[in-house]
Amino acid sequence: RKTQKAEASAVAPAGPTIVRDIFISAPMAAYGDDGEVKGHREAILKIKDALRQCCAMDDAFYAGLDISASGQFESEDIAFRKNWRALRESARFVMIWPERLPSSSLVEAGMAIALGKDCVFFVRDRKHLPFLLRGAPGASRQDGLPSVKIYEYDDFEDIVPRMKNDGKAIFS
């Protein structure tokens, strides 16, 4: 007689193949106007470039790569599936959190932790993160959770030097 665990593993799909170095998460749709979307996107693209140059992360997923205006977003269900797939296929996760916003980035951060991805959160103020995410770095050393680090910054320009100084070690 099969156990429930054996039955579940018989129907469970194989784990995803890691094809990307990193998943970059940052608020996009939460911004009110196209100027904010464009400015934020430009800053994230500089960070994406720093990940390539300083951390040897050539293959990065960033959903905002082709979005420069608020009217260019995909439907929510399509974006959810696309981001879920990209996150599962990524080795690591980084979130750029500039301010307290109602953003899907928080959902993506939770999914990344649940999937066991090592995470780095760049935040302007640690208190802007939800309670459980603020505690993730302390908890990540226990119970087999992935590494989670939180770094505060004042300006987007502060993030690139940290990547230059720490390189890929920022994720270990």
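Read on for an overview of the structure. (Residues numbered from 1 in each chain as written. Predicted model: local features only at pLDDT ≥ 70, side-chain atom pairs only at ≥ 80, totals over all residues. Heavy atoms only, no water.)

What follows concerns the sheet that holds strand β4 (residues 118-123). For sheets, the rule is that strands pair by backbone hydrogen bonds, running either parallel or antiparallel. Pairing is parallel in the open sheet, where five strands are placed in the order β2-β1-β3-β4-β5. Looking at strand neighbours, the two that pair on one side only are β2 (60-62) and β5 (148-152), the edges of this open sheet. Across this sheet, the average inter-strand angle for adjacent strands is 20 degrees, counted without regard to direction. Summarising the sheet, strand β1 (residues 20-25) and β2 pair through three bridges and their orientation is parallel. Bridge pairing in β2 places I24 opposite Y62. The sheet contacts of helix α4 (residues 105-114) involve β1, β3 (90-97), β4 and β5, and relative to β3 the element is tilted by about 150 degrees. Packed on one face of the sheet, helix α5 (residues 131-139) meets β4 and β5 and runs near 120 degrees to β5. (Pairing = 2+ DSSP bridges. Helix = DSSP H or I, 4+ residues; strand = E, 2+ residues; numbered from the N terminus. Axes fitted to C-alpha atoms, helices over the stretch in contact; angles between N-to-C directions. Contact = heavy atoms within 4.5 Å.)

Helices that pack against each other are described as a pair by the angle of their axes relative to one another and the distance between those axes. As a packed pair, helix α3 (residues 76-88) and α4 sit with axes 11 Å apart at the nearest point and diverge in direction by 35 degrees. Between α3 and α4 lies a crossing of right-handed hand. Residue-level contacts link F80, N83, W84 and L87 of α3 to V107, E108, M111 and A112 of α4. Class assignment for the residues of the contact of α3 with α4 results in six nonpolar, one polar and one charged. (Left-handed = near helix turned anticlockwise from the far one by under 90°. Nonpolar A, V, L, I, M, F, W, Y, C, P; charged D, E, K, R; others polar.)

Centre distance and the angle of the planes are the two values used to describe a pair of aromatic rings. Considering all chains together, one arrives at five aromatic pairs under this definition. One aromatic cluster in this structure is built from F23, F61, F93 and F121. The aromatic ring of F156 is capped on one face by R124, whose charged end is 5.2 Å from the ring centroid. (Phe/Tyr/Trp six-rings, centres within 6.5 Å; stacked < 30°, edge-to-face > 60°. Lys NZ or Arg CZ within 6 Å of the ring centre and 35° of its normal.)

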